[in-house]
Amino acid sequence: MTEQSPAVVSASKLGLTFQTNDGPVQALSNVDLTIGKGEFVSFIGPSGCGKTTLLRVIADLEKATSGAISVNGMTPEQAREKRAYGYVFQAAALFPWRTIERNVALPLEIIGLSQAEQAERIKRTMELVNLSGFEKKYPWQLSGGMQQRASIARALAFDADLLLMDEPFGALDEIVRDHLNEQLLDLWDRTNKTICFVTHSIPEAVYLSTRIVVMSPRPGRVTDIIESTLPRRRPLDIRETPEFLAIAARVRDGLRAGHSYDD
Amino acid sequence: MDTFRSKIIPVTSILLGVVVLWYIFAVILNAPFQRDLDRRANETPSVVEFLGKTLSQPKPTLPAPHQVAVNFFENTFLRSVTSNRSLVYNAWVTLSSTLLGFAFGTALGIVIAVGIVHVATLDRSLMPWIIASQTIPILAVAPMIIVVLAAIGITGLIPKALISTYLSFFPVAVGMVKGLRSPEITHLDLMHTYNASASQTFWKLRVPASVPFLFTSMKVAVAASLVGAIVGELPTGAVAGIGAKLLAGAYYSQTIDIWSALVAGSIVAALLVMVVGIAGRLVDRAMGGRPA
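Definitions and limits used
Residues numbered from 1 in each chain as written. Chains lettered and ligands numbered in written order. Predicted model: local features only at pLDDT ≥ 70, side-chain atom pairs only at ≥ 80, totals over all residues. Domains from an automatic or database assignment. Pairing = 2+ DSSP bridges. Helix = DSSP H or I, 4+ residues; strand = E, 2+ residues; numbered from the N terminus. Axes fitted to C-alpha atoms, helices over the stretch in contact; angles between N-to-C directions. Contact = placed C-beta atoms within 7 Å. Buried ≥ 20, exposed ≤ 12 C-beta atoms within 10 Å, placed from the backbone.

1. With respect to the domain arrangement of chain B
For chain B, the assigned domains read domain 1 (2–62) and domain 2 (87–286). Averaged C-alpha coordinates put domain 1 of chain B and domain 2 of chain B at centres separated by 37 Å.

Here it is in structure tokens:
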């Protein structure tokens, strides 16, 4: 992390309590986190640890109930209004009545770009996710992996510097997931975007990230933040190196520590 | 071949069964009157003659299928379509008010649904009234609509069409409320991350998502419209239309006429539902629907 670049995301003493019928549930508590420009930060933890909630707070899909958070130096709401980020959901969430190309065009239509500019952006992002040639297909004609790539293209289309990804590859098989992980790293390297990535896979988190935020449930909180010592360019087989395994072990320890806390 | 095996054979078997049952009941129901006639005429027909007579009375209690078929054929194909005895003419009269009422009803249903989905007060205040409106028997409402409108000088097609509207807006309103609320949370969240305006979310997400619901409810609505148009013809003293044919048949005990008007009504209903179904499938295909 470079100290002089301004923080893309900065949270301090962040908390979020949901009011449910069974009483209040503390989804997030006392989260302190700063994410700098160009970082690839993974959030990992068991279900209920608040990793998705944290991402949704950054995206202004949930409101924090205590503490402070800023995105690009603004409130999350202002950042959303300025379209500061692209969001990739766990499901591809493509509109079934639109072709892949029109799906990618959706955010561009909403921000009101000209037809020519839309076409240019669509072409560029479709190339970025290796989907050229599938522009006119409907979502059901594509495999799950391709659909998720299309949804990444859609999130990239309006060229926000911040990409928020909520377990984007969680529903895919391991072979496809490896492939997409490689492509995502390549894309991150070329575009220099800041990426926040929620996952529950340790190898995925270690392979992709420059920093790994380990979280733990009840209440959802950050238990460890691990700086990756891996180089920026990472071939898939880096996952067999001792360095990789050491980081993975530390993540696993962090997760275990968080768990034993409750049991 | 597959449609032959999976659709035509089962449907035809049922139809045959119905026809056989129909003949049996025609004999049973027409027999007492026939026995009465024979006794007065001091005739003692053989069983075959007797059966033949029960199935060829001019004003039978239950006309035999072939009597209805002959009457239907004559009144459909052998008469000029401008004659008021022609079933084509009468069906057209009913169809025109059905279609007008259906168009009104669909439009009204959509407007109501949009209101309910977007205005919280309407959601709470309108829905109970809409449901209540459908619990009032249409036979009670229809004459009042006709009389009230006639009093302010509106007669002819419009009052009948309004009765169709009354019956057809309901399924469309209910279906469209469901359809406009059908987008997944993820899709709504997605629009939120784009900071999309309410109208953008409406046109780009809610409307396309509601289209399948619209066509399903329009199928119900078009059949209801036809019922409305027929019911609308009963209290108006209408001179033409399937409802008028039914009423005239009832006045003069022309049971065969009643049944063939009924057949004509069913055919019109089936065609209307089919047309809406085909339109729905075409639209679905145009919107990238997966071929079934």
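2. Remarks on the sheet that holds strand β2 (residues 23–36) of chain A
Residue and element names in this part refer to chain A. Strand order in the open sheet formed by three strands is β2-β1-β4, with antiparallel pairing between adjacent strands. The open sheet has two edge strands, β2 and β4 (66–71), and neither has a second partner. Ignoring strand direction, the axes of neighbouring strands in this sheet form an average angle of 20°. Against the sheet, helix α1 (residues 51–58) makes contact with β1 (7–20), β2 and β4, and its axis sits at roughly 65° relative to β2, the strand it touches most.

3. Section: unusual backbone geometry
Across residues other than glycine, the phi torsion is negative in most instances, and most of the peptide bonds are trans. All names here are of chain A. Residue proline 219 is reached from arginine 218 by a cis peptide bond, and omega for that bond is -10°. With respect to the helices, strands and loops of the structure, proline 219 is situated in the loop between β8 (211–216) and β9 (221–227). Residues other than glycine seldom take positive phi values, yet lysine 13 does so here, at roughly 50°. In this fold, lysine 13 is placed in strand β1. What makes lysine 13 partly exposed here is the crowd of 13 C-beta atoms within 10 Å. You will see that arginine 218, though not glycine, has its phi angle at about 45°, which is positive. Following the sequence through the fold, arginine 218 ends up in the loop between β8 and β9. Since 16 C-beta atoms lie within 10 Å of it, arginine 218 is described here as partly exposed.

4. Details of helix α3 (residues 100–111) of chain A
Here α3(A) has its buried residues at A:Ile100, A:Asn103, A:Val104, A:Ala105, A:Leu106, A:Pro107 and A:Leu108. Looking at the buried positions of α3(A), the neighbouring elements they touch are α4 (115–128) and α5 (144–157) of chain A together with α9 (198–233) of chain B. Taken from the residues just after α3(A), A:Gly112 is the one with a positive phi, measuring 80°.

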